[in-house]
Amino acid sequence: MSRGVVAEPTREAVRGAREAIEYCYERGWTDGLPVVPPAEEFVEEFLAQVDRDPEEVVFAQEHLGRKCTVRLAAANAVMAGCRPEYFPVVLAMLEAVRDLPVSRGLFQSTTGQAVLVVLNGPIRQELGFNGSDNVFSPGDRANATVGRALRLVIMNALGIRPHAFDQSTQGTPAKYSFCIAENEEESPWEPLHVERGFGKEESTVTVAWARGTMPVEQRDSKQPEHILLNIADSMSYGGGYFPSPRGHGSIVVMGPEHAQLIAQAGWSKRQVREFLWEHFGRRAGELRRLAKDGGLDPDLSDAAFVRFASGPEAITLVVAGARNAGVSTVCPTFAWQTVTRRIPAKRS
Amino acid sequence: MADGILFEERGIPAAAVITDAFRRTADAMARTQGLEGYPYVAIPHPISSLSPEELRMRAEQALPEVVRLLQEEVKG
């Protein structure tokens, strides 16, 4: 959709833009898709959005001798196609990712995880982040480019690229961009950031390791237990289970229809997370059949239920999507801890 | 690889062991740490599905090479 504020470029300008895009490809600055050439004046526009020293280090990978400064973050946000006013979100996102547990190793891991980015608070409307229909799909600039800025920072500033330091066995398309807003307006419960102690009028970014998205269908029942058992069953698929000393966890992005049906039956968000945790697991016999019984007590009966997570805190629950069908999503994760950071108010 | 090179820099002999599926990353890390061509032991992949006995056999097979690398002078 045209905003009607940019004049139609001349043929010469379009040719120049193509050459500049090709130049970026040749320098190895892209994720495979075209980037916006990071001219110094564009980077300066982004830096003007924040009150930060451009040379301040946001995120370092000491073992690789690489660091991302505020200026490098801005250059990659330009390349990702962000608007300048998105830059405070990009910075807060990068700082949140830096604070994730194992943020040193997992970018290079064979598990090939992406980072799910969730926006809360008024910034969603101010900048146009989508939390409704097609929440995981292409089409919204803020979602697409803020998520992409993270990947370009990882590749260009931190030097973690495919065929070298990124050792993903398969990876996921979510690594291109994986950024959503919570649908606070259609959620019956307190939003994620309020649950974590922030004010409703504050804007936050939450980041979580996630291996992709798995759709969960339940359109035929309005019983909370039926809906939640479908979600818990999807959280508990055998291939996703990876016995680890860090414990297992899961991210649930519940569709508003499911959330409203469950809330109408009187369930709080806390109760939902507890129920999901109680049913997140498999019977010992099934784990033995799948050879996923490493560390399991040999005396445990086949019928015994083995919980995958240490507690409800390992289940992150967000409401997003359209209120048009009984569909939710589970994002399997290898390290369940998440980080939420406040996005500073707009610079006056 | 990074740990091995950091040990060597501090004068502590080290031998990095990888499985052969990780050669590309190992070579990239040696370049990044300023020690291109830093030698390592590459054992056959995979290992995570091996039994303890099979794993011990791999270790025994790798041992002479590990000892050789520990004795070798590292050129920085």
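Described below are features of the structure shown in this document. (Residues numbered from 1 in each chain as written. Chains lettered and ligands numbered in written order. Predicted model: local features only at pLDDT ≥ 70, side-chain atom pairs only at ≥ 80, totals over all residues. Heavy atoms only, no water.)

## Some thoughts on the overall build of chain B
- When you go through chain B residue by residue, the secondary structure sums to 3 helices and 2 strands.
- Mapped from its N terminus to its C terminus, chain B presents α and β elements in the order α-β-α-β-α.
- For chain B, the spread of C-alpha atoms along the principal axes amounts to about 35 × 25 × 15 Å.
- Relative to its 76 residues, chain B shows a buried fraction of 32%.
- Here the analysis covers contacts within chain B between residues at least 6 apart in sequence; of these, 66% occur between residues at least 24 apart.
- Summed over all atoms, the accessible surface of chain B reaches about 5,000 Å², with 54% contributed by carbon and sulfur. (Helix = DSSP H or I, 4+ residues; strand = E, 2+ residues; numbered from the N terminus. Buried < 20%, exposed > 50% of the residue type's maximum accessible area, 1.4 Å probe, protein only. Contact = heavy atoms within 4.5 Å. Areas by Shrake-Rupley, 256 points an atom, 1.4 Å probe, with all protein chains shown as cover.)

## Quick notes on helix α1 (residues 2-9) of chain B
Residue and element names in this part refer to chain B.
- Listed as buried for α1 are A2, G4, I5 and E8. Viewed along the axis of α1, the buried residues span an arc of 165°, placing them on a single side of the element.
- Those residues of α1 hidden inside the fold are in contact with α2 (23-32).
- Looking one or two residues beyond α1, the residue adopting positive phi is G11, at roughly 80°. (Arc of directions from axis to C-beta.)

## Here's the deal with the environment of A:Y23
Residue and element names in this part refer to chain A.
- Looking at the secondary structure, you find Y23 in helix α1 (residues 11-26).
- In this structure Y23 comes out as partly exposed when scored by relative accessible area, which is 43%.
- C-alpha of Y23 to C-alpha of A77: the two residues are 54 residues apart in sequence and 18 Å apart in space.

## Some words on the interface of chain B and chain A
- Facing 7 residues of chain B, the contacting portion of chain A comprises 7 residues.
- Taken over both partners, the interface formed by chain B and chain A buries close to 690 Å², and the fraction arising from carbon and sulfur atoms is 62%.
- One can count 0 salt bridges joining chain B with chain A.
- Counting the contacts that link chain B with chain A gives 4 residue pairs in polar contact (both at pLDDT 80 or more).
- In the side of chain B that touches chain A, the residues fall into 3 nonpolar, 3 polar and 1 charged. (Buried area = accessible area lost by both parts, 1.4 Å probe. Salt bridge = Lys/Arg side-chain N within 4 Å of Asp/Glu carboxyl O. Polar contact = N/O pair within 3.5 Å; in protein donor to acceptor, adjacent residues only side chain to side chain. Nonpolar A, V, L, I, M, F, W, Y, C, P; charged D, E, K, R; others polar.)

## Thoughts on the packing of helix α4 (residues 87-98) of chain A against helix α6 (residues 141-157) of chain A
Residue and element names in this part refer to chain A.
- Between α4 and α6, the least distance of the axes is 10 Å, while the angle of their chain directions is 55°. As the angle between them shows, α4 and α6 are arranged oblique. Judged by the twist between their axes, the crossing of α4 over α6 is right-handed. Residue-level contacts link V89, V90, M93, L94 and V97 of α4 to V146, A149, L150 and V153 of α6.
- Broken down by class, the residue content of the contact of α4 with α6 amounts to 9 nonpolar, no polar and no charged. (Axes fitted to C-alpha atoms, helices over the stretch in contact; angles between N-to-C directions. Parallel < 35°, antiparallel > 145°, perpendicular 65-115°, else oblique. Left-handed = near helix turned anticlockwise from the far one by under 90°.)

## Things to note about unusual backbone geometry
- The omega angle of the peptide bond from B:H45 to B:P46 is -5°, so this bond is cis rather than trans.
- If you trace the backbone, B:P46 turns up in the loop between β2 (41-43) and α3 (52-71).
- If you check the backbone angles, A:H163 has positive phi at about 70° while not being a glycine.
- Position of A:H163 among the secondary structure elements: in the loop between α6 and β4 (179-181).

## Some remarks on the pairing of strand β7 (residues 249-254) of chain A
Residue and element names in this part refer to chain A.
- Counting buried positions over the 6 residues of β7 gives 6, a clear majority of the element.
- Of the two faces of β7, the one carrying G249, I251 and V253 and the one carrying S250, V252 and M254 are both buried.
- Relative to strand β11 (residues 327-333), β7 is paired through 5 bridges, and the arrangement is antiparallel. Following the sheet pairing, S250 is matched in β11 by P332.
- Pairing geometry for β7 and strand β10 (residues 315-319), over 5 bridges, is parallel. (Pairing = 2+ DSSP bridges.)

## Describing the nonpolar core
- Membership of the largest hydrophobic core comes to 71 residues, with the highest contact counts inside it found for A:F87, A:L119 and A:V207.
- Core analysis: the next-biggest nonpolar cluster, separate from the first, contains 31 residues, A:L261, A:F308, A:V330 and A:W336 among them. (Core = buried A, V, L, I, M, F, W, Y, C linked by side-chain atoms within 4.5 Å.)

## Considering the sheet that holds strand β12 (residues 338-342) of chain A
Residues and elements named next belong to chain A.
- Spatial ordering of the open sheet is given by β4-β3-β5-β12, a layout of 4 strands whose pairing is mixed. Of all the strands in the sheet, just β4 and β12 have a single pairing partner and so form its edges. Each strand axis lies, on average, 20° off the axis of its neighbour in the sheet, ignoring direction.
- Along the sheet, α4 makes contact with β3 (114-120), β5 (204-210) and β12, crossing β12 at roughly 145°.
- The strands touched by α6 are β3 and β4; relative to β4, the strand with the most contacts, the crossing angle is about 140°.

## Considerations on the sheet that holds strand β6 (residues 214-217) of chain A
All names here are of chain A.
- Spatially, the 4 strands line up as an open sheet ordered β6-β11-β7-β10, and their pairing is mixed. Looking at which strands have only one partner, the edges of the open sheet turn out to be β6 and β10. Across this sheet, the average inter-strand angle for adjacent strands is 25°, counted without regard to direction.
- Sheet contacts for helix α9 (residues 256-264): β6, β7, β10 and β11; angle to β7, the most-contacted strand, approximately 95°.

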